[in-house]
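Residue strings, one per chain:
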Amino acid sequence: MVLNGGSDPDHASYLFFISFCTILRIDTLPLIPSLSPLQPLSSFPTWSLLPNSLFSATLLLSLLLHLDIITLHPSYLLPLYALVPHHFSNSFDLGELVFVMGSASAGCPFGVSSRCYGKIGAFSHKVQLFGACFPLHVEFPRTNLYPSSASSFMSSKETVTQICSLPDSGEFFPEEASTPILDLVENPMHLKNLSLKELKQLSDEIRLELSSIMLKTQKSFKASLAVTELTVAIHHVFHAPVDKILWDAVEQTYAHKILTGRRALVHTVQRNGLSVSASRTESEYDPFGAGHGCNSVSAGLGMAIARDIKGKRERIVTVISNGTTMAGQVYEAMGNAGYFDSNMVVILNDSRHSLHPKIEEGPKTSISALSSTLSKLQSSKSFQRFREVAKDVTKRIGMHELAAKVDEYARGMVGPLGATLFEELGLYYIGPVDGHNIEDLICVLQQVASLNSMGPVLIHVITEENRGVENNPKIEGAYKHPEGLSSSADLAPRMHRRTYSDCFVEALVTEAEKDKDIVTVHAGMHMETSFELFRERFPDKFFDVGMAEQHAVTFSAGLSRGGLKPFCIIPSTFLQRAYDQVVHDVDRQRIPVRFAITSAGLVGSDGPMQCGAFDITFMSCLPNMIVMAPSNEDELANMVATAASIDDRPVCFRYPRGAIVGMDHSSCRGMPIEIGKGKILAEGKDVALLGYGSMVQNCLKARSLLSKLGIEVTVADARFCKPLDIKLLRQLCENHSFLITVEEGSIGGFGSHVAQFFSLDGQLDGKIKWRPIVLPDNYIEHASPSEQLAIAGLTGHHIAATALSLLGRNREALHLMC
């Protein structure tokens with residue numbers, strides 16, 4: 001195999017050095033640098049350690065391969081994607097590599113798809129390797145290539161196989177699992193001819209694959225494990241991407257991603273890889289982006305109406321979950337779907353979850369042979385024809401409404417509790433169906449898909465999130481780790497670090513012990529484990545309402561009007577869903593609700609979907625709202641005490657996700673601070689840095705960098721965005737010629753309030769030069785927190801470089817960023 005077109009001996013030699021070590025089972029991981037698109041390979045220190053005789057080794061290896069003395073198996077192939085820089089588009093002229101292309105390892109995160117054109121044994125000896133970001137054209141001078149078993153269900157003109165690009169060392173997956181059927185599937189079309197037995201085995205292999213990846217990434221895939229059989233059945237029956245399949249919750253989509261050509265990238269979901277949500281830009285199999293949930297029925301109905309208007313015939317399938325049914329939008333969409341009576345399929349994935357432990361301990365919806373038979377009967381063509389005939393007859397004799405009620409309640413009697421709710425909304429209810437019985441799933445879905453004029457249908461599917469986990473202690477242990485860790489390497493240093501949420505809850509418990517009127521209301525997709533402390537101490541004063549943020553805000557306002565002191569705890573990105581209630585039910589009425597805004601700013605591996613970029617802007621524009629942000633855990637405790645003492649207006653404070661600044665494990669106890677009062681942390685005469693919230697720490701880092709260059713810097717903690725500390729702002733302008741404000745929020749936040757004051761106060765008419773540093777005006781994709789801060793330009797180096805530029809020292813600013 002000859003890799004043609006390149007002329008870079010530096011990259012070529014390095015590539016073959018690692019290949020040679022891989023064959024000899026030499027551990028090269030310490031030598032492999034983390035390649036950057038902005039940095040040449042020769043600049044890495046490890047490169048200088050390599051011998052100058054690599055070309056000799058390359059020639060020797062090529063000669064041995066050419067003489068068929070040694071053979072490269074796919075499992076020893078170098079991870080090309082990890083070693084070749086993303087910007088390096090050329091391929092290499094490295095000699096001839098001949099290897100046996102057999103079935104490759106399924107767990108390889110750097111899998112490269114190899115597409116061979118031509119008949120086996122007589123093809124044109126040309127192969128294209130498609131990596132994630134770089135094309136490589138490969139030529140075969142002779143036919144030493146053996147086809148994989150993938151050709152068993154491919155056409156004779158095209159063979160698709162998987163090349164594993166990692167040595168069999170267990171570095172990426174603890175246990176190598178055999179997934180023979182999954183290895184043959186590159187897109188949903190490959191599921192069409194599989195038998196029921198093969199589909200069941202495929203489901204088991206996907207579950208095994210997700211479990212293995214979960215052990216590596218420390219990210220929970222429980223929701224996707226629950227819908228594995230359902231995902232396989234959907235793609236077996238429907239014809240994506242022509243048929244539109246929409247998912248309400250991103251946690252359910254990973255089996256879908258594996259089946260739609262993204263298997264090799266699933267392990268990268270935590271950092272710089274696969275999107276954490278369903279993404280239209282990522283795959284044609286994602287017709288609509290999945291965000292915080294509850295949007296799929298609305299979007300699906302819109303697509304169904306558009307289909308009808310345009311005279312098309314594609315099917316629309318939406319999958320919702322227990323969690324998303326707590327949001328009102330789902331019922332608004334279902335009611336509208338029932339009114340329009342447009343054909344679409346809504347699948348309710350009932351994983352038997354509830355926010356209330358007492359309810360979960362109660363009776364569950366049961367799956368029996370009778371319920372399975374009734375579900376098949378309700379979805380059958382013959383039953384639907386009988387219903388249509390009955391409708392026509394009852395219409396003629398004037399008893400249509402009565403007959404419809406009899407039909408609805410008769411089926412409601414044999415269905416589970418709550419089934420008639422969906423009937424009242426206008427959806428034809430089918431279920432419950434065993435979500436792990438793939439035969440029943442396919443039968444019901446096929447019958448529903450074959451009906452042309454059925455209107456909106458809801459299929460109730462019962463699943464178990466712990467399916468395939470309960471008998472695997474390694475996987476069970478992985479679920480106990482907190483989400484948001486980008487890799488197992490991150491786990492060790494964080495396990496003993498306290499988070500901002502830990503300190504917030506401790507401070508809130510302290511205040512609740514002093515003030516019996518304090519209660520908490522929590523809303524959002526998931527509840528952090530830190531809040532269990534308050535729930536255990538005050539079980540009657542803790543209310544978790546799930547994804548009902550609008551209700552949470554107005555419920556808190558009602559608690560306040562009843563004489564209590566509610567703390568409404570909502571992640572920044574979820575508070576966006578309740579903004580109308582914040583405006584009219586709280587701020588306009590000047591009701592003292594205390595908003596604790598968690599996960600503020602950048603959130604690392606959860607990317608833009610849960611990024612808290614906008615709360616400073618949309619909360620600080622409200623006339624009666626007090627807006628503040630702590631710079632560290634001590635300030636957070638002080639702001640909890642401050643919020644508890646305010647009883648004449650609403651107040652909010654934000655804090656970031658992640659570990660606290662200090663290492664002190666003492667209990668967080670706060671003291672109220674003066675409203676609208678900031679403070680100076682360090683004084684200098686050249687430049688003033690005014691930080692808001694967590695960015696104060698990066699301002700201190702910038703001060704340390706600038707002090708080495710002889711620049712004296714003042715660092716101030718604003719504390720409040722509204723009201724501003726006007727006295728502090730004037731003092732900074734009087735004593736400095738250069739001022740920089742820094743915040744981890746969007747345009748229109750703290751910096752905009754400072755600019756408004758400066759312009760009205762005439763400060764910009766004088767000597768002061770002011771620059772704001774905010775989040776860029778775009779969405780930052782998932783990466784590690786440090787990488788996201790660097791992309792946003794909010795690191796200490798970026799702040800220091802901005803100061804140097806203001807001082808006219810551009811060369812030093814550029815050097816600082818290199």
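Chains are numbered independently. Their residues run from 1 in the order of the written sequence. With the structure being a predicted model, the display of local features is reserved for residues of pLDDT at least 70 and the display and counting of side-chain atom pairs for 80 or more, all residues being used for whole-chain, interface and lining totals. Each side-chain value is worked out from all heavy atoms of the structure, with water and hydrogens disregarded.

*Asks:* Which residues make up the sheet that holds strand β12 (residues 542-544), and what are the values?
*Replies:* Strands are labelled as partners when DSSP assigns at least two bridges between them. Secondary structure follows DSSP: runs of H or I at least 4 residues long count as helices, runs of E at least 2 residues long count as strands, and numbering of each begins at the N terminus. Judged by pairing direction, the sheet is mixed, and its seven strands sit side by side in the order β12-β11-β13-β14-β16-β15-β20 without closing on themselves. Of all strands in the sheet, those with a lone pairing partner are β12 and β20 (720-722), marking the two edges. Across the sheet, the mean angle separating the axes of adjacent strands is 20° when strand polarity is ignored. Where strand β15 (residues 626-628) lies against β20, two bridges are found, and the strand directions are antiparallel. Bridge pairing in β20 places Val627 opposite Lys722. Angles shown run from 0 to 180 degrees and are taken between the N-to-C directions of axes, each axis being a line fitted to C-alpha atoms and, for helices, limited to the stretch in contact.

*Asks:* Mind laying out the nonpolar core, listing which residues take part and the relevant values?
*Replies:* Only buried residues count toward a nonpolar core. Its members are Ala, Val, Leu, Ile, Met, Phe, Trp, Tyr and Cys residues joined through side-chain atoms within 4.5 Å. Burial classes follow relative accessibility: with a 1.4 Å probe on protein chains only, a residue under 20% of its type's maximum area counts as buried, one over 50% as exposed, and anything between as partly exposed. Counting 51 residues, the largest nonpolar core has Leu202, Ile206, Ile347 and Ile459 as the members making the most contacts within it. Sort the elements by how many residues they give to this core and helix α15 (residues 438-449) lands first, with seven residues. Contact between two residues is taken to exist if any of their heavy atoms lie within 4.5 Å; hydrogens are not considered. Here Ile459 is in contact with Val345, Val346, Ile347, Leu348, Ile430, Val433, Val444, Leu445 and Val448, once residues within four sequence places are set aside. Residues Val553, Val582, Met625 and Cys733 belong to the second largest nonpolar core, which totals 48 residues.

*Asks:* If you had to explain the environment of Leu246 to someone new, which residues and values would you point to?
*Replies:* Here Leu246 lies in strand β6 (residues 244-247). Sequence separation between Leu246 and Val317 is 71 residues, and the spatial gap between their C-alpha atoms is 6.2 Å.

*Asks:* Before we move on, could you go through the sheet that holds β6 and cite the residues and values that matter?
*Replies:* Working definition: the strands of a sheet are paired by backbone hydrogen bonds and lie parallel or antiparallel to each other. Taken in spatial order, the five strands of this open sheet run β6-β7-β8-β10-β9, and their pairing is parallel. Two strands close off the open sheet at either side, each with one partner strand: β6 and β9 (428-434). Adjacent strand axes in the sheet meet at a mean angle of 20° when their direction is disregarded. For β9 and strand β10 (residues 456-462), the ladder comprises five bridges, and the chain directions are parallel. Note on β10: the bridge partner recorded for Tyr429 is Leu458.

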